[in-house]
Amino acid sequence: MNASRFWNWFVYPGALWIALLFAVPLFLVLALSFGHVDDLGRGVYGFQLTNYADVFNATYVPVLLRSVGYALITVILCLGIGYPAAYFIARFGGKYRYALVAALVIPFFVNYLVRTYAWVALLADEGLINNAIVDLGLTQAPIQMINTPFAVIGGLVYGYIIFMILPLYVSIERMDPSIVEAGKDLYGSPFQTFIHVTLPATQPGILAGSVLVFLPTVGDFVSAQLLGGPDTYMVGNLIQDQFFAASDWPFGSALTVVMMLFLAVWMVLYLRRATRGEAEVL
Amino acid sequence: MNTVSAFDKPHFLRIFTGLVYLFLFVPIAVVVLFSFNSQKSLQVMDGLSLRWYEDFWNDPTLRDSLFTSIEIALITMVVATVLGTALAIGLVRARSGTSSSANVLMLVPLITPEIVAGISALLIFSQLGIALSFWTIVLAHITFSISYVTIVVRGRLASIGLDVEEAAQDLGASRWGSVRLVLVPALWPAVVAAGLLIFALSFDDFVLSFFTTGEQTQPLPVRIWSMIRFGVSPTVNAVGTVMMVVSISAVALAVLIPRLFGRRESGVKVLTGSEG
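Given the structure is predicted, the values throughout are model-derived calculations rather than measurements.

### Some details on the overall build of chain A
Here is step 1 of the chain: Along its length, chain A carries 13 helices and 2 strands.
Here is step 2 of the chain: Across its three principal directions, the C-alpha atoms of chain A cover 80 × 70 × 35 Å.
Here is step 3 of the chain: The buried share of chain A, reckoned over its 282 residues, is 56%.
Here is step 4 of the chain: If you take every contact in chain A between residues at least 6 apart in sequence, the share linking residues at least 24 apart comes to 64%.

### Let's talk about the interface of chain A and chain B
Here is step 1 of the chain: Contact with chain A, which involves 97 residues of that partner, is made by 102 residues of chain B.
Here is step 2 of the chain: Summing both sides of the interface, chain A and chain B together bury roughly 9,000 Å²; the carbon and sulfur share of this comes to 80%.
Here is step 3 of the chain: If you sort the residues of chain A by the area they bury against chain B, W7(A), F109(A) and Y117(A) come out on top, with a joint share of 9%.
Here is step 4 of the chain: For the pair chain A and chain B, the number of links is 0 salt bridges.
Here is step 5 of the chain: Seen at the junction of chain A and chain B, the total is 6 residue pairs in polar contact (both at pLDDT 80 or more).
Here is step 6 of the chain: The biggest single contributor to the side of chain A that touches chain B is helix 1 (residues 3-32) of chain A, with 24 residues.
Here is step 7 of the chain: Split into classes, the residues belonging to the side of chain A that touches chain B amount to 75 nonpolar, 16 polar and 6 charged.

### Details of the nonpolar core
Nonpolar side chains tend toward joint burial in soluble globular proteins.
Here is step 1 of the chain: Counting residues in each nonpolar core, the largest one holds 178 residues, and the members touching the most others are F221(A), I115(B) and F211(B).
Here is step 2 of the chain: Top contributing element to this core by residue count: helix 7 (residues 149-174) of chain A, with 17 residues.
Here is step 3 of the chain: I115(B) has contacts with G219(A), F221(A), G236(A), I239(A), Q240(A), M259(A), V207(B) and F211(B), leaving out every residue within four places of it along the chain.

### Considering the packing of helix 7 of chain A against helix 10 (residues 203-218) of chain A
All names here are of chain A.
Here is step 1 of the chain: Two numbers describe how helix 7 lies on helix 10: the axes approach to 8 Å, and their chain directions differ by 160 degrees. With respect to their mutual orientation, helix 7 and helix 10 come out roughly antiparallel. In the crossing of helix 7 with helix 10, the sense of the turn from one axis to the other is right-handed. Across the interface between the two elements, L156, Y160, F163, M164, P167, L168 and S171 from helix 7 touch G205, I206, A208, G209, S210, L212, V213, P216 and T217 from helix 10.
Here is step 2 of the chain: Among the residues forming the contact of helix 7 with helix 10, the class breakdown is 11 nonpolar, 5 polar and no charged.

Rules used in this analysis
- Residues numbered from 1 in each chain as written.
- Chains lettered and ligands numbered in written order.
- Predicted model: local features only at pLDDT ≥ 70, side-chain atom pairs only at ≥ 80, totals over all residues.
- Heavy atoms only, no water.
- Helix = DSSP H or I, 4+ residues; strand = E, 2+ residues; numbered from the N terminus.
- Buried < 20%, exposed > 50% of the residue type's maximum accessible area, 1.4 Å probe, protein only.
- Contact = heavy atoms within 4.5 Å.
- Buried area = accessible area lost by both parts, 1.4 Å probe.
- Salt bridge = Lys/Arg side-chain N within 4 Å of Asp/Glu carboxyl O.
- Polar contact = N/O pair within 3.5 Å; in protein donor to acceptor, adjacent residues only side chain to side chain.
- Nonpolar A, V, L, I, M, F, W, Y, C, P; charged D, E, K, R; others polar.
- Core = buried A, V, L, I, M, F, W, Y, C linked by side-chain atoms within 4.5 Å.
- Axes fitted to C-alpha atoms, helices over the stretch in contact; angles between N-to-C directions.
- Parallel < 35°, antiparallel > 145°, perpendicular 65-115°, else oblique.
- Left-handed = near helix turned anticlockwise from the far one by under 90°.

This is the structure in structure tokens:
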């Protein structure tokens with residue numbers, strides 16, 4: 001047996017498993033999106049575009065746009081919050097660097113539902129924050145925080161910021177600090193040095209982090225369900241409804257396919273970089 | 001003289017980073033603190049008690065769910081670790097068309113939103129006429145854990161040169177023998193770490209379980225979902241704290257095990273998935 005064939009046998013079991021239980025089912029979602037619901041409420045495969053016509057109506061388009069909008073704001077906030085923190089840990093963390101990274105990861109391993117539920121306890125009208133500011137006399141009545149876009153986006157930032165900070169940390173740590181010194185010698189201004197030297201040098205981390213936050217955020221339904229209301233519903237909530245409450249699997253599949261189309265560019269971009277070893281992979 | 005930017009001032013950055021840690025840890029501290037509350041309140045901390053832990057333990061459904069979650073995580077851990085490790089070895093050592101398409105196939109689950117993964121799993125099971133149960137959850141969890149193991153193990157593999165394996169083969173070992181005698185011993189700290197991370201991820205998973213769970217055996221996160229939706233219950237704080245202890249213990253072991261074998265940064269590499 002030649003070497004290549006020998007090593008291929010290591011690839012087959014895992015690759016076949018992923019192909020059969022992940023790739024094939026993705027095509028089932030695509031196929032069912034052209035189907036319809038029969039008289040018994042079951043999804044039936046077919047060749048019609050009615051589900052897509054339903055997706056692009058005045059009820060659902062705003063939800064799709066809202067999901068992408070929330071996800072983009074989440075990416076920007078994660079970058080704005082995560083970059084300085086990752087920079088500090090990588091450049092000034094010293095011997096505590098590993099402990100600081102480990103500490104960042106801990107909240108991520110607390111169940112996402114429990115973490116989001118904690119924000120409900122903090123942000124509710126009768127919650128901890130409102131009680132505190134009313135007791136301190138800062139306001140007369142509680143401030144509406146829950147059921148707002150701020151709460152939903154806040155929950156998303158909290159849920160996924162770790163996917164931004166880790167790739168940023170890796171690329172900032174990998175950057176040679178002397179190029180920042182060189183940049184200062186050449187450009188003078190610290191702001192210019194940051195724009196022309198540090199940002200480009202850490203661009204792989206920025207890209208990987210942005211994609212890794214954007215992708216799961218668009219499909220999230222937990223944050224909008226627990227911290228928002230009908231006005232802040234995201235496409236994930238719609239999809240989830242179709243598979244449970246409304247029980248219209250073909251329409252849910254069409255929503256899923258449209259959502260995936262919004263994500264496809266980012267996924268391909270990430271895959272191309274990751275397979276060439278350019279992006280930080282998590 | 002150089003002017004100093006905000007980004008060179010550890011002082012400003014230190015405060016900012018401190019606030020980030022505060023943002024990350026305050027909600028978790030709230031959950032843990034209120035799990036010991038003696039009152040049925042999420043606003044006022046009255047006195048300390050273990051009543052919510054007693055409620056958790058005395059509720060047979062919740063207790064069963066805890067054990068179900070642990071069983072799912074253990075089976076997922078073992079199967080995904082074996083398949084993912086083999087896949088990592090194959091991808092790094094084989095330089096063929098098979099391995100590069102398998103590489104793309106392996107990366108896609110990592111960047112697919114979980115809700116899509118959940119729906120896909122639900123559709124394949126219903127298409128094949130498999131009733132949703134404990135085992136459908138396990139199958140779905142394994143599918144999305146393989147890639148994660150592969151990434152972690154591949155990071156370690158990249159740092160092991162081919163020379164040791166070639167030396168073993170020069171000394172008469174077969175190809176399979178050099179895998180068993182050279183690669184596996186060199187890889188096992190990374191393999192164990194990857195397995196423990198998978199345990200934690202599977203144990204905490206909600207979305208996949210939500211779409212693939214049957215009526216009888218619901219894992220703990222699915223139970224938490226219905227508890228939260230049908231009103232606030234302080235028992236959730238106790239359940240959340242117990243889950244936190246279980247998964248953070250697994251992650252702590254995952255970070256410590258490579259360190260015990262003298263590779264200081266491996267722990268961080270395990271968590272960041274970085275290579276090289």
